[in-house]
Amino acid sequence: MSNLSAYRNYVNHVAEVMNDQVDYKVDATWVEKPNDTYYGLRFLIDENMGLCFDMHQEYEDYQSGKTISQTVAFLKEVINNERKKMDAFDEHSLLENLSNYEFIKERLVVEAVNFSNNEEFLEFVPHQTIGDVSCVYRVVINDFSDKEKRASFVIRNDMLKQWNVSEEQLHYDAVNNSMRVEPMTIKEFDTMGLPEEPFKICTTPNQMNGSGVLFYENFGDVIDQNGLGDCYIIPSSVHELLLCPKSKGLDPDALTDMLVEVNATQVDIKEQLANHIFEYDSISKEVIPLFEESLDISLAA
């Protein structure tokens, strides 16, 4: 039996055991998310809400001696904790307003994901793309500022039809709301006592999915206000970008090589954003992807 077959049998068995013990439905199924597709569990809490869980770590623990009963007990606790987060749906009247776009647009944020690794997922969600980075849109259910407790969902194409809203309008509203609730920030790179690095960190105050600032209307304005001028943009992760002023004299090919190496050795695949850099032109205010058309810019599988 292949490793995948054994893993799927394990997940299927956990689902069967849980369905005999809980008051919600548990399905073993393929789950597709930005930067991540896996076979795992989907917990259908009610007709409106569901939660998904990647079981690979649990399977490793099972192979090391963790019992099915211990796994089920752990998952029950996880779901109970998630249910507490989901109380925010009622607290913010979201379920009552899912069809009210005027309510929804006040809770929109943008999120940057890798295009090549999410092509199938992106077929079902509105998005815009620069180079190999796409912008998708989330609705935040509860507190914008608490990244540990934040709950959100990705907007899908069928939701736009329900709201009778165009992709262009959604993008405009999501970008403007993101700039309001998660303003772009530029800060010093932590050199840990070493000589000054040529980089600045570009993200949001809570540094959660902060690379979405790449799609902000005021992206260039904030760079200019910080006196960086023309610069290279290094998509170091989904959470932050690195800015390198061209005045520092660094070679863009060397920066690209550095990015590819760091992605391959230090950044979790789920948090990788792209294997190519961008440049910002302070005259045209444009963000331009830098890669050859023939170059394989997709991230490692």
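Now for a description of the structure that goes with this document. Note that the structure is a prediction, hence the values are computed from the model and not measured. (Residues numbered from 1 in each chain as written. Predicted model: local features only at pLDDT ≥ 70, side-chain atom pairs only at ≥ 80, totals over all residues. Heavy atoms only, no water.)

Judged by side-chain charge, Glu 32, Glu 119, Glu 120 and Glu 123 come together as a negatively charged surface patch. Its place among the elements puts Glu 120 in helix H5 (residues 119-122). (Patch = residues over 30% accessible without salt bridge, like charges linked within 9 Å, V, L, I, M, F, W, Y side chains within 5 Å. Areas by Shrake-Rupley, 256 points an atom, 1.4 Å probe, with all protein chains shown as cover. Salt bridge = Lys/Arg side-chain N within 4 Å of Asp/Glu carboxyl O. Lys, Arg positive; Asp, Glu negative; His and termini not counted. Charge placed at Lys NZ, Arg CZ, Asp CG, Glu CD. Helix = DSSP H or I, 4+ residues; strand = E, 2+ residues; numbered from the N terminus.)

To continue, consider the sheet that holds strand S2 (residues 36-44). If you walk across this open sheet you meet the three strands as S1-S2-S3, and the pairing is antiparallel. For this open sheet the edge positions go to strand S1 (25-33) and strand S3 (50-54), each flanked by a neighbour on one side alone. The mean inter-strand angle of the sheet, taken between neighbouring strand axes irrespective of direction, is 35°. (Pairing = 2+ DSSP bridges. Axes fitted to C-alpha atoms, helices over the stretch in contact; angles between N-to-C directions.)

A few words on the sheet that holds strand S9 (residues 200-203). With antiparallel pairing, the six strands of this open sheet are ordered in space as S8-S9-S11-S10-S12-S13. Each having just a single partner strand, strand S8 (185-188) and strand S13 (286-290) make up the two edges of the open sheet. Each adjacent strand pair in this sheet contributes to an overall mean axis angle of 30°, direction not counted. With four bridges connecting them, S8 and S9 associate as antiparallel partners. The partner of Ile 186 across the bridge, within S9, is Cys 202. The strands that helix H9 (residues 252-265) touches are strand S10 (231-234), strand S11 (241-245), strand S12 (277-281) and S13; relative to S10, the one it contacts most, it runs at about 15°. (Contact = heavy atoms within 4.5 Å.)

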